[in-house]
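Each chain, letter by letter, is given below.
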Amino acid sequence: MTQTQTISLTINGEAVTATVPVRSNLVDFLRNDLGLTGSHVGCEHGVCGACTLEVDGAMIRGCLMLAVQADGATVTTVEGLADSPRGQALRDAFHRRNALQCGYCTPGMLASALEYVEAGRPADRAAIREHISGNYCRCTGYQAVVDAICDLIGQGAKA
Amino acid sequence: MPKDSGIGASSKRREDVRFLTGRGKYTDDINLRGQAYVHFLRSDVAHGRINGIDTGEAAAMPGVVRIFTGADFEGVGGLPCGWQVTDRHGNPMQEPAHPILAQGKVRHVGDPIAAVVADSYAQARDAAEAIVLDIEELPAVIDMKAAVEGGPKVHDDLESNLCYDWGFVEENKDAVNAAFEAAAHVTTLELKNQRLVANPMEPRVAVGDYAPGTGDSTLYTTSQNPHVIRLLMGAFVLGIPEHKLRVVAPDVGGGFGSKIFHYAEEAFCTFAAKAIERPVKWTSSRSEAFMSDAHGRDHVTKIELALDADGMFQAIRTETFANMGAYLSTFAPSVPTWLHGTLMAGNYKTPLIYVNVKAVFTNTVPVDAYRGAGRPEATFQLERVIDKAAREMGIDPVELRRKNFITEFPYATPVAVEYDTGDYNATLDKALEVADVSGFEARRAASAAKGKWRGLGLNCYIEACGIAPSALVGQLGARAGLYESATVRVNATGGLVVMTGSHSHGQGHETAFPQVIAEMIGIDESMIEIVHGDTANSPMGMGTYGSRSLAVGGSAMVRATEKIINKAKKIAAHLLEASDADIELKDGQFSVAGTDKSVAWGDVTLAAYVPHNYPLEDLEPGLEETAFYDPSNFTYPAGTYICEVEVDPDTGKVSIERFTAADDFGNVVNPMIVEGQVHGGLAQGIGQALLESCVYDANGQILSASYMDYAMPRADDVPYYSVDHSCQTPCTHNPLGVKGCGEAGAIGSPPAVVNAVVDALQRNGKDVTHIDMPLSPARVWAAMNG
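Computed from a predicted model, the values in this text were never measured in an experiment.

## Some thoughts on the overall build of chain A
Per the secondary structure count, chain A includes six helices and five strands. Ordered by position from N to C terminus, the α and β elements of chain A give β-β-α-β-β-β-α-α-α-α-α. For chain A, the C-alpha radius of gyration of 16 Å lies close to 15 Å, the compact-globule estimate for 159 residues. Looking at chain A as a whole, 60% of its 159 residues are labelled buried. A total accessible area of about 5900 Å² is found for chain A, and carbon and sulfur atoms account for 47% of it. Each charge class in chain A can be summarised by its mean position, and for the 12 positive and 16 negative side chains these summaries are 10 Å apart.

## Overview of unusual backbone geometry
Residues and elements named next belong to chain B. The residue after Phe-168, namely Val-169, is reached through a cis peptide bond having omega 0 degrees. Tracing the backbone shows Val-169 in the loop between strand 7 (162-168) and helix 5 (173-182). Here the bond from Ile-467 into Ala-468 is cis, since omega is 0 degrees, no more than 30 degrees from zero. Within the secondary structure layout, Ala-468 lies in the loop between strand 18 (453-462) and helix 13 (470-475).

## Examining the domain arrangement of chain A
All names here are of chain A. By domain assignment, chain A separates into domain 1 (4-77) and domain 2 (84-154). Computed over C-alpha atoms only, the centres of domain 1 and domain 2 are separated by 22 Å. Contacts between the two partners involve 12 residues from domain 1 and, on the opposite side, 12 residues from domain 2. Across the interface of domain 1 and domain 2, roughly 990 Å² is buried in total on both sides, 51% from carbon and sulfur atoms. The tally of links between domain 1 and domain 2 comes to one salt bridge. For Arg-86, the salt bridge goes to Glu-54, with nearest N and O atoms at 2.7 Å. Run the count over domain 1 and domain 2 and you get six residue pairs in polar contact (both at pLDDT 80 or more). Listing elements by their share of the side of domain 1 that touches domain 2, those giving two or more residues are strand 3 (52-55) and strand 4 (58-61). Tallied by class, residues from the side of domain 1 that touches domain 2 come to five nonpolar, five polar and two charged.

## Points about the sheet that holds strand 21 (residues 528-532) of chain B
Residues and elements named next belong to chain B. Taken in spatial order, the four strands of this open sheet run 21-20-19-25, and their pairing is mixed. In this open sheet, the two edge strands, each paired with only one partner strand, are strand 21 and strand 25 (624-629). Put simply, the sheet's adjacent strands are angled 20 degrees from each other on average, direction ignored. Each of strand 19 (484-490), strand 20 (496-500) and strand 25 is contacted by helix 15 (residues 549-576), which is oriented at about 145 degrees to strand 25, the strand it contacts most.

## Here's the deal with helix 6 (residues 143-153) of chain A
Residues and elements named next belong to chain A. Burial runs high along helix 6: eight of the 11 residues are buried. Those residues of helix 6 not exposed but buried are Gln-143, Ala-144, Val-145, Val-146, Asp-147, Ala-148, Ile-149 and Cys-150. Positive phi shows up at Gly-154, right after helix 6, with a value of about 110 degrees.

## Quick look at the nonpolar core
Judged by nonpolar contacts, the single largest core of 186 residues is most densely connected at Phe-94 of chain A together with Val-647 and Leu-761 of chain B. In terms of residue count, the dominant contributor to this core is helix 18 (residues 744-763) of chain B (10 residues). Once residues lying within four places of it in the same chain are set aside, the contact partners of Phe-94 of chain A are Ala-99, Leu-100, Met-109, Leu-110, Ala-113, Val-145, Ala-148 and Ile-149 of chain A together with Leu-20 of chain B. Core analysis: the second largest hydrophobic core is formed by 46 residues, Ile-528, Ile-564, Leu-576 and Val-592 of chain B among them.

## Some thoughts on the packing of aromatic side chains
Within this structure, the stated rule accounts for 26 aromatic pairs over all chains. Ring geometry for Phe-68 of chain B and Phe-271 of chain B: centres 6.3 Å apart, planes at 75 degrees, overall edge-to-face. Here Phe-68 of chain B, found in strand 3 (residues 64-69), pairs with Phe-271 of chain B, found in helix 7 (residues 264-276); they are 203 residues apart in sequence, far enough to count as distant. Considering the side-chain rings of Phe-409 of chain B and Tyr-424 of chain B, the 5.5 Å spacing of their centres and the 90 degrees angle between planes classify their relative orientation as edge-to-face. In this pair, Phe-409 of chain B is assigned in the loop between helix 10 (397-404) and strand 16 (411-412) and Tyr-424 of chain B in helix 11 (residues 424-434), connecting sequence segments 15 residues apart. By relative accessible area, which is 3% here, Tyr-424 of chain B ends up buried. Grouped by ring-pair contacts, the aromatic residues Phe-40, Phe-68, Phe-73, Phe-268, Phe-271 and Trp-282 of chain B constitute a single cluster. Here Lys-358 of chain B stacks its cationic end above the ring of Phe-321 of chain B, 5.5 Å away from the centre of that ring. Positioned over the ring face of Tyr-136 of chain A is Arg-714 of chain B, at 4.4 Å from the centre of the ring.

## Side note on the interface of chain B and chain A
Taken together, the contact between chain B and chain A spans 53 residues of the former and 45 residues of the latter. Buried area between chain B and chain A, both sides added, is near 4300 Å², and the carbon and sulfur share of it is 55%. For chain B, the biggest contributors to the area lost against chain A are Leu-20, Met-201 and Tyr-720 of chain B; these three give 19% of the whole. Scanning the region where chain B abuts chain A turns up five salt bridges.

## Regarding the environment of Lys-302 of chain B
Residue and element names in this part refer to chain B. Topologically, Lys-302 is positioned in strand 13 (residues 295-307). Between the C-alpha atoms of Lys-302 and Val-385, which are 83 residues apart in sequence, the distance is 9.9 Å. In this view, Lys-302 contacts Thr-188, Leu-189, Glu-190, Arg-317, Thr-318 and Glu-319; residues no more than four positions away in its chain are not counted.

## Describing the packing of helix 4 (residues 106-118) of chain A against helix 6 of chain A
Residues and elements named next belong to chain A. Contact pair helix 4 / helix 6: the axes reach a minimum separation of 11 Å and the direction vectors enclose 35 degrees. Two packed elements cross with a definite hand, and for helix 4 against helix 6 that hand is right-handed. Counted together, Met-109, Ala-113, Tyr-116 and Val-117 of helix 4 and Val-145, Ile-149, Leu-152 and Ile-153 of helix 6 form the full contact between these two elements. In the contact of helix 4 with helix 6, the residues fall into eight nonpolar, no polar and no charged.

## Here we look at a nonpolar patch on the surface
A surface patch of nonpolar side chains, about 230 Å² in accessible area, is lined by Leu-606, Tyr-609 and Val-610 of chain B. Its place among the elements puts Val-610 of chain B in the loop between helix 16 (601-609) and strand 25.

## Quick look at the side chain of Thr-337 of chain B
All names here are of chain B. Checked against the element boundaries, Thr-337 lands in the loop between strand 14 (313-325) and strand 15 (352-361). Among the residues examined, Thr-337 registers a relative accessible area of 0% and is labelled buried. Setting aside residues up to four positions removed in sequence, Thr-337 forms contacts with Val-85, Tyr-164, Trp-166 and Thr-342.

## Description of a negative patch on the surface
On the surface, Asp-580, Asp-582, Glu-584, Glu-617 and Asp-618 of chain B cluster together into a negatively charged patch. Overall, the relative accessible area of 43% leaves Glu-584 of chain B in the partly exposed class.

## Overview of the pairing of strand 13 of chain B
All names here are of chain B. For strand 13, a buried count of 11 out of 13 residues is recorded, marking the element as mostly surrounded by other parts of the structure. Taken together, the 12 bridges between strand 8 (residues 185-197) and strand 13 define a ladder with antiparallel strand orientation. Considered in strand 13, the bridge of Leu-196 is made with Gly-296. Bridging between strand 13 and strand 14 involves nine bridges; their strand directions are antiparallel. Its bridge partner lying in strand 14, Ala-306 is registered against Ala-315. Counting the residues in the hairpin turn of strand 13 and strand 14 gives five residues, including Gly-311, whose phi is positive at 90 degrees.

## Let's talk about the confidence of the model for chain B
Per-residue pLDDT for chain B averages 97, and the proportion of residues at 70 or more is 100%. What the predictor reports for the complex is a pTM of 0.97 with an ipTM of 0.97.

## A short note on the domain arrangement of chain B
Residues and elements named next belong to chain B. Structurally, chain B comprises domain 1 (27-138 + 201-254 + 259-292), domain 2 (295-468 + 633-784) and domain 3 (483-621). Its C-alpha centre places domain 1 at a distance of 40 Å from the equivalent point of domain 3. Taken together, the contact pairs 17 residues of domain 1 with 15 residues of domain 3. Counting each side, the surface lost to burial between domain 1 and domain 3 is near 1300 Å², with a carbon and sulfur contribution of 56%. Interface area lost by domain 1 to domain 3 is led by Gln-224, His-227 and Arg-246, which between them contribute 42%. Put simply, domain 1 and domain 3 have one salt bridge between them. One salt bridge in this structure joins Asp-534 and Arg-246, with 2.7 Å as the shortest N-O distance. Inspection of the region where domain 1 meets domain 3 yields nine residue pairs in polar contact (both at pLDDT 80 or more).

Cut-offs applied
Residues numbered from 1 in each chain as written. Chains lettered and ligands numbered in written order. Predicted model: local features only at pLDDT ≥ 70, side-chain atom pairs only at ≥ 80, totals over all residues. Heavy atoms only, no water. Helix = DSSP H or I, 4+ residues; strand = E, 2+ residues; numbered from the N terminus. Rg over C-alpha atoms; globule rule 2.2 N^0.38 Å. Buried < 20%, exposed > 50% of the residue type's maximum accessible area, 1.4 Å probe, protein only. Areas by Shrake-Rupley, 256 points an atom, 1.4 Å probe, with all protein chains shown as cover. Lys, Arg positive; Asp, Glu negative; His and termini not counted. Charge placed at Lys NZ, Arg CZ, Asp CG, Glu CD. Domains from an automatic or database assignment. Contact = heavy atoms within 4.5 Å. Buried area = accessible area lost by both parts, 1.4 Å probe. Salt bridge = Lys/Arg side-chain N within 4 Å of Asp/Glu carboxyl O. Polar contact = N/O pair within 3.5 Å; in protein donor to acceptor, adjacent residues only side chain to side chain. Nonpolar A, V, L, I, M, F, W, Y, C, P; charged D, E, K, R; others polar. Pairing = 2+ DSSP bridges. Axes fitted to C-alpha atoms, helices over the stretch in contact; angles between N-to-C directions. Core = buried A, V, L, I, M, F, W, Y, C linked by side-chain atoms within 4.5 Å. Phe/Tyr/Trp six-rings, centres within 6.5 Å; stacked < 30°, edge-to-face > 60°. Lys NZ or Arg CZ within 6 Å of the ring centre and 35° of its normal. Left-handed = near helix turned anticlockwise from the far one by under 90°. Patch = residues over 30% accessible without salt bridge, like charges linked within 9 Å, V, L, I, M, F, W, Y side chains within 5 Å. pLDDT = per-residue confidence, 0-100.

Structure (structure tokens):
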């Protein structure tokens, strides 16, 4: 019935080997098998962005990638970011500018925002809105998220 | 100079720390040892008779623990409705049974038929596919007018599909009709307030647990009001007394109303955990959420406004069809009635109002409160018809509103509520200023130069929040009180824990509530912790909805803290060898008035718990107080929103170029949090105006049951919001003078957007008086091209 496969990967700096059902997606594996519940599941079809996390340097949808596809990969989740200086300035900016309310979209939103900031892109509100448009937030109306990213980049220009 | 702590300070949210580091604890993060998983097999037809459910093959599949069907719930209570509306003729509404799992018939796509409990989710899903259903599909009724005009009956045992025919105020009807006969001008508008889905980003989750050793049941659930769930589920569904039932709602990822209600899945998991003596967990998928979370809005309305020759409002008459869906969700009957009819006066001194609402059963998902709940529907029709009247009569829409504003308070409306305070001219003036309306013509010309049609829309709103005076709502049919509670526990070393029935699912209570108490005592906010979301450790409370938490829950905290301070003053008087009456509390120090004798907060709290030197003959040790606060009136936030749009005449695409919100929320505890609440409400209201719609086909198939089909606003769909809350008329009847800010954005924005689009079209020679939401490019283009 249920086929399994053994995979080895690096998650938040730790080597992990696990046997997973081949139909399990990456975010379910992280949450249910490893207890890394920081990544959230919002839609399971790649639209809402709540499960956005980093695999081999790229921000991907954890619900659209099978766990077996991550064999050999380096994965960083919100928990991994929290334990490192990386992203600290972004978290501070989110806190300072009230860029989260219920917190459910936040791990994915942080991942997308980090991608923008680390790419060295400008404090251009329209460009930021376009970049985070793959992450639904039902609470903030997005303005504070844009504020936070702009704030971090260093220019608070309205547009 | 902005304050840096206490009431009025933009204290940064302490919740953020855990949410930014992946350390939040949401219901789906809870996994209990030995838990089983349930998958619900749901109806894929809108209406059908269940002739057979064959679970034989499914039950034998790997990992399956047990399969439940409606037969397992015979003799178990159905989901109760929390509000009984009485119709125009004095009769109670028609109230159908709402079983946990379908019995005999399925009545909407998504109605749960069977529940497969297995060792894993995958096994439960696989087994559900092996269940053989024999369902005879019946004709479904989706359209409300068809439902009341002889369409198929949703419930065979009810007389009709009409839940109730409500008239308000029925005694005013003849006078209203007479005013229309005599009016110089009558403006009529027919419109729809479309069905929406709340869509908090966290889908619903329930984990039931049962302890055979003690007989205690626990439910972990994504709820805005765990005590209400405990009461409804314990008393009406499963027959578990409150002392044997604990309901926990930990971090909850947004609610917007949809997590107020008691749902079948909660009762199922609690029931099944006892039946199999294992924890049972359910996590909704997003498509399940579209088929099982209560929906919002879905009104079809005809509104008429009678005016005299000078444009003074004489009377309002409305007829609304309100969709209840297939069953009555917990508070569904109250939304189109007491949360809608009572707001039809808006900000205006219209002397005569008659509201007729026909609530209708259809083969659709139940409809209940969604952010604003009744008040957006009232505001939308009123502010649309006023705009239309202004055009018909050639009066400036700003002036037409202004001349009809209520300006003296308190003001008793003809629809049963009394506004305690407000200043509608102030918020209007502020909005006109912030929106730079005087610069509109230049911006319009600039838009025209690049081929775009610019329009400006205005909306003035009022809402009733701080729900609600218990005695009043009891008379109106509520089957619950609507007070709130707080227990303030002071610890020996001076820190406080506040246990509240209010529930935070994004509102920042853990930050804002301590600001209030810190200000009262004069201590640091960090000395105060808020505990909520667990019936085991907080007093009976009614939860969070209707923008009530600070106005009602905060007031309970103030009352409990006042009791604390009173007792602490007696202890201080003893320590200082002075009279109670001479003790003053300031900056965390108790002092004897007119002297330099003082004792610190921490010394007094320590004395309360180590009562070596203590007036034991007069005063009990300890420092813990509870208060229940029952409001004496609703609160009435109000404001003016102004929207500027550009319409692309080639495609009909609407772009919001400027959006201004000037709100009067009374006193503000945390401006940063208030602004965030307004932003979020605006995004949802703009989403309704431009994007969102829950669509059924004629057979009752839900066509918008995924994020590929239901258009939620994204970051690049919404504009920059200019918000202002500097106009403040404090509420006169609660101790904080606060009104509530959670729903205003969603209430005030849709009419502003639609008014702006109609304005853009009218300015360019199109005789368009209304377009139903959402204003998609196709709809706008069709309206422009006749």
